[in-house]
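# Descriptive structure summary
Residue strings, one per chain:
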Amino acid sequence: MKELPTGDPLTDDMIREELKREIRESSKIKGISRYYTGVSGLYDLKGLEVKSNDNRLFVSYVNGEYFSDTDSSNTTSIFASYELQIEEQGNLKTVSVLTPRFIEVKPGKSAILLPISPLVTTQEAKDDIERINSRIHPEFDGFKEFSGDFNVKYNDESVYANFTRILGEYQYNDEKVKKYDIQKGKLFELGDDGDSLPVKITVFPYRNGSKVVYKFRAPFVLKNDGTTTFDEGEIEKYIDRIKEVAKD
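The shown structure was predicted, so the numbers you read here are calculated from the model rather than taken from an experiment. (Residues numbered from 1 in each chain as written. Predicted model: local features only at pLDDT ≥ 70, side-chain atom pairs only at ≥ 80, totals over all residues. Heavy atoms only, no water.)

## Here's the deal with the overall build of the protein
Counting secondary structure elements, the protein contains four helices and 10 strands. What you see in the protein, going N to C, is helices and strands ordered as α-β-β-β-β-β-β-α-β-α-β-β-β-α. Taken against the 2.2 N^0.38 rule, which gives 18 Å for 248 residues, the C-alpha radius of gyration of the protein at 26 Å runs more than 25% over that of a compact globule. Summarising its shape, the C-alpha atoms of the protein cover approximately 85 × 50 × 30 Å along the three principal directions. Sorting the 248 residues of the protein into buried and exposed places 35% on the buried side. Here the analysis covers contacts within the protein between residues at least 6 apart in sequence; of these, 57% occur between residues at least 24 apart. Of the roughly 15,100 Å² that the protein leaves accessible, carbon and sulfur atoms contribute 46%. Distance between charge centroids for the protein: 3 Å, based on 36 positive and 44 negative side chains. (Helix = DSSP H or I, 4+ residues; strand = E, 2+ residues; numbered from the N terminus. Rg over C-alpha atoms; globule rule 2.2 N^0.38 Å. Buried < 20%, exposed > 50% of the residue type's maximum accessible area, 1.4 Å probe, protein only. Contact = heavy atoms within 4.5 Å. Areas by Shrake-Rupley, 256 points an atom, 1.4 Å probe, with all protein chains shown as cover. Lys, Arg positive; Asp, Glu negative; His and termini not counted. Charge placed at Lys NZ, Arg CZ, Asp CG, Glu CD.)

## Some remarks on the nonpolar core
Ile23, Tyr61, Phe163, Ile201, Val212, Phe216 and Ile242 are the most contacted members of the largest nonpolar core, which has 46 residues in total. Excluding anything up to four places from it in sequence, Phe163 contacts Gly168, Phe188, Ile201, Val212, Ile242, Val245 and Ala246. (Core = buried A, V, L, I, M, F, W, Y, C linked by side-chain atoms within 4.5 Å.)

## Side note on the side chain of Lys20
Structurally, Lys20 is set in helix H1 (residues 12-26). Within polar-contact distance, the side chain of Lys20 engages the side chain of Ser52 at 3.5 Å. In contact with Lys20, not counting residues within four places along its chain, are Val50, Lys51, Ser52 and Leu57. (Polar contact = N/O pair within 3.5 Å; in protein donor to acceptor, adjacent residues only side chain to side chain.)

## Some details on the environment of Val120
As for its position among the elements, Val120 is in the loop between strand E6 (104-106) and helix H2 (122-133). The class of Val120 is buried, set by a relative accessible area of 10%. Residues Val120 and Tyr61, spaced 59 residues apart in sequence, show a C-alpha to C-alpha distance of 7.2 Å. Filtering out sequence-adjacent residues up to four positions away, Val120 remains in contact with Ile29, Tyr61, Ile78 and Ala125.

## Some points on the packing of aromatic side chains
What the rule picks out here adds up to 10 aromatic pairs. Between Tyr214 and Phe216, the aromatic rings sit 6.3 Å apart at their centres with planes inclined by 25°, giving stacked as the arrangement. Judged by its relative accessible area of 1%, Phe216 falls in the buried class. An angle of 75° between the planes, with centres 5.9 Å apart, marks the rings of Phe216 and Tyr238 as edge-to-face. Of this pair, Phe216 sits in strand E10 (residues 209-222) while Tyr238 is found in helix H4 (residues 232-246), placing the two residues 22 residues apart along the sequence. When its relative accessible area of 14% is taken as the criterion, Tyr238 is described as buried. What links up through ring pairs into an aromatic cluster is the set Phe146, Phe150, Tyr214, Phe216, Phe230 and Tyr238. Of note, Arg34 hangs over the ring of Tyr66, and the distance from its end group to the ring centre comes to 3.8 Å. The ring of Phe143 has Arg217 lying over it, and the distance from NZ or CZ to the ring centre is 4.3 Å. (Phe/Tyr/Trp six-rings, centres within 6.5 Å; stacked < 30°, edge-to-face > 60°. Lys NZ or Arg CZ within 6 Å of the ring centre and 35° of its normal.)

## A word on helix H3 (residues 156-167)
For H3, which comprises 12 residues, the first-to-last C-alpha distance of 16 Å matches the rise-based estimate of 16 Å (1.5 Å per residue) to within 8%. When we look at burial in H3, the residues that qualify are Asp156, Val159, Tyr160, Asn162, Phe163 and Leu167. Looking straight down H3, one finds that the buried residues subtend no more than 145° of arc, so they occupy a single side. Between a side-chain oxygen at the N-terminus of H3 and the backbone nitrogen of Glu157 the separation is 3.0 Å; the capping residue is Asn155. At the C-terminal side of H3, Gly168 shows a positive phi close to 85°. (Expected span 1.5 Å × (residues − 1). Arc of directions from axis to C-beta.)

## Points about the pattern of salt bridges
In this structure the tally under the stated criterion is 14 salt bridges. Glu17 serves as the salt-bridge partner of Lys20, at 2.9 Å between the closest nitrogen and oxygen. With Lys20 and Glu17 both in helix H1 and three residues apart, this pair spans about one turn of that helix. By relative accessible area, which is 43% here, Glu17 ends up partly exposed. Through salt bridges with shared partners, one network takes in Glu18, Arg21, Glu22 and Glu25. (Salt bridge = Lys/Arg side-chain N within 4 Å of Asp/Glu carboxyl O.)

Written out as structure tokens, the structure is:
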């Protein structure tokens with residue numbers, strides 16, 4: 001697909017970033033890091049480094065030293081690159097990733113001109129790249145936000161009590177909902193056990209009854225075959241459930 005269920009475009013940059021993330025997560029080697037040696041301004045530099053340009057992904061197994069005073073480094077790297085092609089075909093984007101044809105060692109020397117050993121052997125790098133190749137299946141996780149309101153003929157106290165009694169408070173909320181004297185708002189648990197999501201419910205007096213305002217973010221996954229887990233039918237069920245609880 002060329003766009004996400006949110007309507008936002010699926011950009012080439014997003015595809016490249018997801019591929020780099022998958023390479024990092026698939027490798028047995030941790031991402032590149034600096035470790036202080038105890039000598040002022042001197043750090044050990046080692047790990048997996050993944051970069052990209054428009055049509056390539058670069059993988060380097062790096063070992064060496066970093067100097068913070070000059071923002072410079074001396075390293076030995078084992079290096080490989082993937083060819084990357086991103087094309088549009090109708091409503092789809094096709095991504096072709098060609099695995100590295102060779103592995104190259106780029107030797108380096110320390111500040112005192114001693115050879116720097118590779119982080120891994122050439123065979124270990126080859127094995128790790130084969131591991132990465134077998135695990136690259138880019139997917140895009142996201143959320144689509146839904147909100148709305150409706151009126152009910154019951155007072156706000158009884159409507160709010162329905163949500164508390166039937167849905168229950170969401171257990172892992174990460175949003176602070178303000179409460180006012182004439183307005184009640186809270187995160188409730190919407191959906192089945194093990195597959196629930198938080199819905200913000202606000203209830204306040206309105207004319208001879210009350211108004212219910214809801215907001216929730218439905219998660220989705222855009223898969224590497226162009227399909228998505230997003231289901232408009234499920235969204236309608238969530239909204240119907242909110243209305244059903246309010247009028248219980």
